[in-house]
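Residues per chain, in single letters:
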Amino acid sequence: HVQLVESGGGSVQTGGSLRLSCTAAGYNPRRNCMAWFRQAPGQEREGVASMYTAGGDDVYVDSVRGRFIISRDNAKNIIYLQMNSLNTEDTAMYYCAATGERFALSGWYSPLSYKNWGQGTQVTVS
């Protein structure tokens, strides 16, 4: 029963930065795996980044590695996606997602692993 609300999207020029926020009410790092996805017009939903809450490293799709950083503010129940060096290929609707169990059973990159989704926030790079 995780309720997710994204914010922070907007329009930015190539090379710029944005930080997306996902307010995750009911998020429990012991039970939920968090991730950011994106979907461009005419494209399938793509896993961007996922956060391990215990032990492991955060993971990223190759196209954003070194540019994007996923992080969490436990006190405020907020998941962030810091996006740097943005390019036009990053233009998409960005979604926050959470599994209904501790692990992403279909892989962190698969939408099938996630039960809870936010409404999305649009990022446009030009």
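To be clear, the structure that these remarks concern was listed above.
As a starting point, this report considers the structure included with it. (Residues numbered from 1 in each chain as written. Predicted model: local features only at pLDDT ≥ 70, side-chain atom pairs only at ≥ 80, totals over all residues. Heavy atoms only, no water.)

### Brief notes about the sheet that holds strand β1 (residues 3-7)
An order of β1-β3-β8-β7 is seen for the four strands of this open sheet, with the pairing classed as antiparallel. The sheet is open, and its two edges are formed by β1 and β7 (68-73), each paired on a single side. Sheet twist, expressed as the average angle between the axes of neighbouring strands with direction ignored, equals 20 degrees. In this structure, β7 lies alongside strand β8 (residues 78-83), joined through six bridges in antiparallel fashion. Bridge assignment links S71 to a residue of β8, and that residue is Y80. (Pairing = 2+ DSSP bridges. Helix = DSSP H or I, 4+ residues; strand = E, 2+ residues; numbered from the N terminus. Axes fitted to C-alpha atoms, helices over the stretch in contact; angles between N-to-C directions.)

### A word on the pairing of β1
On β1, burial follows the alternation: L4 and E6 on one face are buried, whereas Q3, V5 and S7 on the facing-out side are not. Relative to strand β3 (residues 18-25), β1 runs antiparallel, the two sharing five bridges. Bridge assignment links E6 to a residue of β3, and that residue is C22. (Buried < 20%, exposed > 50% of the residue type's maximum accessible area, 1.4 Å probe, protein only.)

### Quick word on the pattern of salt bridges
What the rule picks out here adds up to four salt bridges. When the shortest N-O distance is used, the salt bridge between R38 and E46 registers 2.9 Å. According to the relative accessible area criterion, R38 is buried, its value standing at 6%. Take E46: its relative accessible area is 30%, and that puts it in the partly exposed class. Note that R38 is salt-bridged to D90, the shortest N-O span being 2.9 Å. (Salt bridge = Lys/Arg side-chain N within 4 Å of Asp/Glu carboxyl O.)

### Some thoughts on the packing of aromatic side chains
Given two aromatic rings, one states the distance between the centres and the angle between the planes to describe the pair. In the structure shown here, the tally under the stated rule is five aromatic pairs. Measuring from centroid to centroid gives 6.4 Å for Y95 and W117, while their planes differ by 80 degrees, and the two rings are edge-to-face. Of this pair, Y95 sits in strand β9 (residues 92-98) while W117 sits in strand β10 (residues 116-117), placing them 22 residues apart in sequence. Of the residues examined, Y95 reaches a relative accessible area of 13% and is grouped as buried. Relative to Y109, the ring of W108 lies with its centre 6.3 Å away and its plane at 85 degrees, an arrangement referred to as edge-to-face. With relative accessibility at 16%, the residue W108 sits in the buried group. Grouping aromatic residues by their ring pairs yields a cluster made of F37, Y95, Y114 and W117. Sitting over the ring of Y80, R19 keeps its end group 4.2 Å from the ring centre. (Phe/Tyr/Trp six-rings, centres within 6.5 Å; stacked < 30°, edge-to-face > 60°. Lys NZ or Arg CZ within 6 Å of the ring centre and 35° of its normal.)

### Some points on the nonpolar core
Residues M34, W36, F68, L81, M83 and Y94 are the most contacted members of the largest nonpolar core, which totals 35 residues. Top contributing element to this core by residue count: β9, with five residues. Among residues more than four places away in sequence, those in contact with M34 are L4, C22, A24, Y27, A49, S50, M51, I70, I79, C96, A97 and A98. (Core = buried A, V, L, I, M, F, W, Y, C linked by side-chain atoms within 4.5 Å. Contact = heavy atoms within 4.5 Å.)

### Side note on the state of the cysteines
Taken as a whole and judged by the stated rule, the model has one disulfide. Between the sulfur atoms of C22 and its disulfide partner C96 the distance amounts to 2.2 Å. An S-S torsion of about -85 degrees defines the bridge between C22 and C96 as left-handed. Here C96 lies in strand β9 and C22 lies in strand β3, a separation of 74 residues in the sequence. With relative accessibility at 0%, the residue C22 sits in the buried group. Relative accessible area serves as the criterion here: at 0%, C96 is assigned to the buried category. We note that C33 lacks a disulfide partner, and the nearest cysteine sulfur, in C96, lies 11 Å from it. (Disulfide = S-S within 2.5 Å.)

These figures come from the coordinates and say nothing about function on their own.
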